[in-house]
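Residue strings, one per chain:
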Amino acid sequence: MKYNMMWRAPVSIGVLVFLVTCVGIWVPSAWSDEAATLTSTGRTWRELWAELGTIDAVHGLYYAVVKLITAVAGHSILTIRLVSAAAVAVTAALLVVLGRTLGGARLGFASGLAFALVPRVVWAAGEGRMYGFVMLVAVGSTLLLLTAARRTGGPARRAWAVYGLVAALGVLLNLWLVLLVVAHGAALLLVARSSARGTTPGVVRVAPRALVAWAVAAGAVGLATVPYAVVLMSQAQQVAWIESVSARTVRFFVVDGWFRSAIDFTPAGIVTLAVVPVAWTLIGIAVAATIRHRIRIRSPRPAPARPDRTGAAPVEPVLLVLPLAFLPSLLLITATAAGIRTYAPQYASMSAPFVAVLLAAGVLALGRRWLRVLAGALLVATAVPNLVALRLPATKADGYWAPTAATVAEQRHPGDTEGVWFGSLDDAHWANSHLVSIAYPRAFDGMRDLGTVTDAARDGHLWESNGVPARLLPERTADLDRVWFLGNERGDAEGRQVAATLEDLGFERADRTVVGAGVVDRWERITGQ
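## Notes on the sheet that holds strand S8 (residues 507–515)
Move 1: Taken in spatial order, the five strands line up as S6-S3-S7-S9-S8 in an open sheet, and their pairing is mixed. For this open sheet the edge positions go to strand S6 (448–449) and S8, each flanked by a neighbour on one side alone.
Move 2: The sheet contact formed by S8 and strand S9 (residues 518–525) spans eight bridges and is antiparallel. The partner of Asp-511 across the bridge, within S9, is Arg-522.

Here you go:
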């Protein structure tokens, strides 16, 4: 009975978070990152291994996990998003356990609820990428850290070995999780320097030799993942899109990292910013309460502490969580300022669970119950617009893919022979609109690919490439009734060449539909030609 009670809150919060984050998860249009997940996980193991040797090694472990899952659950945009939502739900359950370990049942339960309201969390749950798993490893490894840090002797050595193994797997999942290992050390260092006098009941106690044991485990993690880091350095061109440090970096850290949805700063989008001052105020309250507590216990007549049998020192939850929440992002910003561009707002996902703990601590630090209720209600009210915005059709970067595929599907005629030329995308010069068919394959079932001349799976590349329209179209369209062209609205040389060649071959443009930044052209063969 006691065991069942212990897990009732974590399981309840996990189920709640899964249900909340799954609302409308199918609505947003897919985009290039999710197309990459579908492409990679749809390949054979041999093809995936060849791909990782040239590109996307940073996602290798994630691709392997999702490939195993989709082999059973089906291979689609919805499936890979549900996988992320499930990872976030398990993270929420573990976060309840973490909060309870740090500050008691109320902090655990409140942390789980706050986690569901962090916009970055809802974003990660609806994103067919690794970020949900990154959060899961972040919380799981932190729980293992605290377990190991409280033990001594043989049990401690075994616990530290498990922590090191999970931390190493985390780094293989996402290289920047190594910064969380660093943050773990910083948290333990703060704990070691803190006073052992007077603390709130129910918080974790850390053994005196924990910092040394962490250093050994962290060193082992670093050595074990060096070959992986070397491979990633050879593929560093993948992060060439990351911006240098500028005034926008402040916005990325304060707003975009955890508290802003993907919606633009339009008049309607301003509403989604209301959560930012509320969230930072609650974090400030949590930090101020901790500082006030530290001052009080260092007063001339502090309340006596009761050390446990191992002589471990009691620790305030906020003191331990602060480095986990902010140090990884600050280190990435520092590296970017030094010329090694590594910081992007989505990389703050690993710290989102710990930000949720700080939000919960801020609410609970308010002295009166009515203030806590008011703060919680204000957090919910200001977070909801973000949660809604994250489930709008065009919330992702390539928000026109789904309507593009729908346009093609609606205009097709059963029984006709059709082909498609996938032109360039407006916002992805490195790939073409073949990505739309990867995300929404049903719309293109039975169509002949008229432009592709490469075999990306065989060659170890991610995307296909087109050939010259004038050379390919005469032969490939000889028996077709209809040709589709998917390109960008602004037009380009390739699109003009396709149009000119199709006209020469006896086709006429029967319809043009502009969908967001894309365009769908339907070409029909002129009767008698």
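## Re the packing of aromatic side chains
Each aromatic ring pair is specified by the distance between its two centres and by the angle formed by the two planes.
Move 1: Tallied over the full model, the rule gives 14 aromatic pairs.
Move 2: The interplanar angle of 90 degrees and the centroid separation of 5.6 Å between the aromatic rings of Trp-160 and Tyr-163 together place this pair among those described as edge-to-face. Here the residue Trp-160 and the residue Tyr-163 both occupy positions in helix H9 (residues 153–173), the gap between them amounting to three residues, near one helical turn. The two residues Trp-160 and Tyr-163 agree in class, both being buried.
Move 3: An aromatic cluster is built from Phe-253, Trp-258, Phe-259, Trp-280 and Phe-326, whose rings are joined through pairwise contacts.
Move 4: We note Lys-67 situated over the ring of Trp-45; from NZ or CZ to the ring centre the distance is 5.2 Å.
Move 5: In this structure, Arg-120 is placed above the aromatic ring of Trp-123, and the distance from its NZ or CZ to the ring centre is 4.5 Å.

## Considerations on a nonpolar patch on the surface
Move 1: There is a patch of nonpolar side chains on the surface, built from Met-6, Trp-7, Val-11, Val-15 and Leu-19 and spanning about 440 Å² of accessible area.
Move 2: Mapped onto the secondary structure, Trp-7 falls in helix H1 (residues 2–22).
Move 3: For Trp-7, a relative accessible area of 31% translates into the label partly exposed.

## Things to note about a positive patch on the surface
Move 1: On the surface, Arg-150, Arg-151, Arg-157 and Arg-158 cluster together into a positively charged patch.
Move 2: Counting through the fold element by element, Arg-150 comes out in the loop between helix H8 (131–149) and H9.
Move 3: With a relative accessible area of 37%, Arg-150 lands in the partly exposed category.

## Description of the nonpolar core
General note: in soluble globular proteins, nonpolar side chains tend to be found buried as a group.
Move 1: With 117 residues, the main nonpolar core has Trp-258, Phe-259, Leu-359, Trp-401, Phe-444 and Leu-486 as its most contacted residues.
Move 2: Considering each element in turn, this core owes the most residues, 12 residues, to helix H5 (residues 77–103).
Move 3: Contacts of Leu-359, omitting those with residues within four sequence positions, involve Ala-114, Val-118, Phe-259, Ala-279, Leu-282 and Ile-283.
Move 4: Ala-148, Ala-167, Val-171 and Ala-213 belong to the second-largest nonpolar core, a separate cluster that totals 22 residues.

## Focus on the packing of helix H2 (residues 32–41) against H5
Move 1: It is the contact of H2 with H5, at a shortest axis distance of 10 Å, that shows an interaxial angle of 100 degrees. In terms of orientation, H2 lies roughly perpendicular with respect to H5. For the pair H2 and H5, contact is made by Glu-34, Thr-37 and Leu-38 and by Ile-77, Ile-80 and Arg-81, respectively.
Move 2: Its residues assigned to classes, the contact of H2 with H5 comprises three nonpolar, one polar and two charged.

Rules used in this analysis
- Residue numbers restart at each chain and count upward from 1, following the sequence in its written direction.
- Thresholds applied to this predicted model are a pLDDT of at least 70 for local features of residues and 80 or more for the giving and counting of side-chain atom pairs; totals over whole chains, interfaces and linings are not thresholded and use all residues.
- Hydrogens and water are ignored here; the side-chain numbers use all heavy atoms of the structure.
- A strand pair is defined by DSSP finding two or more bridges across the two strands.
- In this description a helix means any DSSP run of H or I spanning at least four residues, a strand means any run of E spanning at least two, and both kinds are numbered starting from the N terminus.
- Here a Phe, Tyr or Trp ring, Trp counted by its six-membered ring, pairs with any other such ring whose centre lies within 6.5 Å, and the pair is stacked when the planes are under 30 degrees apart, edge-to-face when over 60, and tilted otherwise.
- To sort residues, take the accessible area from a 1.4 Å probe on protein chains only and compare it with the maximum for the residue type: under 20% means buried, over 50% means exposed, and anything in between is partly exposed.
- Only lysine NZ and arginine CZ atoms are considered, and such an atom sits over a ring when it is within 6 Å of the ring centre and within 35 degrees of the ring normal.
- For patch detection, residues must exceed 30% relative accessible area and be free of salt bridges, and they are connected within 9 Å for like charges or within 5 Å for nonpolar side chains (Val, Leu, Ile, Met, Phe, Trp, Tyr).
- Using the Shrake-Rupley algorithm and a 1.4 Å probe, accessible areas are obtained, with residue cover drawn only from the displayed protein chains.
- For this analysis, a salt bridge means a side-chain nitrogen from Lys or Arg found within 4 Å of a carboxyl oxygen belonging to Asp or Glu.
- Only four residue types enter the charge count, namely Lys and Arg as positive and Asp and Glu as negative; His and the chain termini do not.
- Charged groups are reduced to one reference atom each: NZ for lysine, CZ for arginine, CG for aspartic acid, CD for glutamic acid.
- Each nonpolar core is a collection of buried residues, namely Ala, Val, Leu, Ile, Met, Phe, Trp, Tyr and Cys, held together in the definition by side-chain atoms within 4.5 Å.
- The contact criterion used throughout is that any non-hydrogen atoms of two residues lie within 4.5 Å.
- Helix axes use the C-alpha atoms of the stretch in contact, all axes being lines fitted to C-alpha atoms, and the angles between their N-to-C directions lie in the range 0 to 180 degrees.
- To sort the angles, those under 35 degrees are grouped as roughly parallel, those over 145 as roughly antiparallel, those from 65 to 115 as roughly perpendicular, and the leftovers as oblique.
- Each residue gets one label: Ala, Val, Leu, Ile, Met, Phe, Trp, Tyr, Cys and Pro are nonpolar, Asp, Glu, Lys and Arg are charged, and the others, such as Gly, are polar.

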